[in-house]
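As a plain string of letters, each chain reads:
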Amino acid sequence: MMHNLNLKIFFLSSVILLGACKGTDVLNDPIVQPKFELNKTNLELRVSENTTVSAKYFDEYGVEKIVPFSWNSTQPQNVTVDANGKIIALKAGNSQIYPKYQNIIGDGVNITVVASDNAVAKVTISAVKNILALNESINLSISAQNINNQTIAGTKTEWFSENESILKVDAAGKVTSTANGIAGIHAKIDGVKSNSIDFTVGTSNLMDTFTSSGGYKAVGAATLKNQNGQIILELGSDFETSFALGTFVYLANSTNGSIVRSNGLELGEIKSNGAKSFNVSRIKANVGINDYKYVIILCKPASVTFGFAELK
């Protein structure tokens, strides 16, 4: 009798654990590209001013690790940076500083050093949308500020397409799409570079079939598409997954459950298998089709990944 009672307790405990989707999926995650995350992406400094930046390193499983990375400057005559991320502005001009660990190079911090408070320190461009039909034209807006965040005119404005076979841009900031694909636009005022805006032109679909993770189940097709200017995620009629209390669909750049829950884009809860559709653009304005790498089926309460589809 005691033996049977113990078996019943063990079975009940197993069911409860499965229902709550406890556990971790870190060891079952696929290898992803290691990366750095910066605490700043742009800085404006006067000559002789200094500040400090920091970075976090995430390994091939999306897990933060303490590693002995170095800081580097692309224009050390303008800006220097030491091992602790302390930046010193030496000369008016532009530079980037970036972290490096082994062969992994992080994104750069863009730095503008100005000789006076009246000089252009920051340039910003904006667009009403970043998804264009073929042969469509839109006008971009541009503004310049000094180091005190006051709007100023500047003297010379230049526009640049990062792929002229896909996007053309004229001297007034009018962008015209000429081929399907993805390309960026940026500008300069008095030599100070703006942010870059990536535009998706035409219909572009990304898709994959789900891979199960962590001993759970997720199978079937996932397709992310640009449909009439809206980014839509579709799960196929063959879609099936494990279910537990709080099963959600996410877009994310990691398959690690905790990172998905904290940094991913939640699309909605699901309670059944089969075909489903999510309008991603209604959840996040100006989302791009290439902003996320994975579709994730996540047990949200426990931050456990049931499965993933890599968008490609």
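Data block above holds the structure.
Residues numbered from 1 in each chain as written. Predicted model: local features only at pLDDT ≥ 70, side-chain atom pairs only at ≥ 80, totals over all residues. Heavy atoms only, no water.

### Re the overall build of the protein chain
- The helix and strand tally for the protein chain stands at three helices and 33 strands.
- By residue count, 42% of the 312 residues in the protein chain fall in the buried class.
- The contacts in the protein chain between residues at least 6 apart in sequence include a share of 58% that link residues at least 24 apart.
- When the accessible area of the protein chain is evaluated, it comes to approximately 16100 Å², of which 50% is carbon and sulfur surface. (Helix = DSSP H or I, 4+ residues; strand = E, 2+ residues; numbered from the N terminus. Buried < 20%, exposed > 50% of the residue type's maximum accessible area, 1.4 Å probe, protein only. Contact = heavy atoms within 4.5 Å. Areas by Shrake-Rupley, 256 points an atom, 1.4 Å probe, with all protein chains shown as cover.)

### Topic: the sheet that holds strand β19 (residues 174–177)
- Pairing is antiparallel across the open sheet formed by three strands, whose spatial order is β14-β19-β18. Two strands in the sheet have a free side with no partner beyond their single neighbour: β14 (137–139) and β18 (167–169). Strand-to-strand twist of the sheet, defined as the mean angle between neighbouring strand axes without regard to direction, takes the value 20°.
- Here three bridges tie β18 to β19, and the two strands are oriented antiparallel to one another. (Pairing = 2+ DSSP bridges. Axes fitted to C-alpha atoms, helices over the stretch in contact; angles between N-to-C directions.)

### Describing the pairing of strand β15 (residues 141–145)
- Here strand β12 (residues 122–126) runs beside β15; their pairing, made up of five bridges, is antiparallel. Counterpart to Ser126 in the pairing with β15 is Ser141.
- In textbook terms, the turn of a hairpin is the stretch between consecutive antiparallel strands, and for β15 and strand β16 (residues 151–152) this stretch comprises five residues, one of which, Asn149, has a positive phi near 65°.

### Here's the deal with the nonpolar core
- Counting residues in each nonpolar core, the largest one holds 29 residues, and the members touching the most others are Phe210, Leu224, Leu233, Val249, Leu251, Val280 and Val295.
- Looking at this core, the elements with two or more residues in it are β26 (221–227), β27 (230–235), β29 (247–252), β30 (265–269), β32 (294–299) and β33 (304–310).
- With residues near it in sequence (within four places) discarded, Leu233 still touches Thr223, Leu224, Val249, Leu251, Leu267, Lys276, Ser277, Phe278, Val280 and Val295.
- By size, the runner-up hydrophobic cluster in this structure holds 18 residues, among which are Phe36, Trp71, Ala89 and Val109. (Core = buried A, V, L, I, M, F, W, Y, C linked by side-chain atoms within 4.5 Å.)

Note that every value here comes from positions in space, so none of it alone points to a role or purpose.
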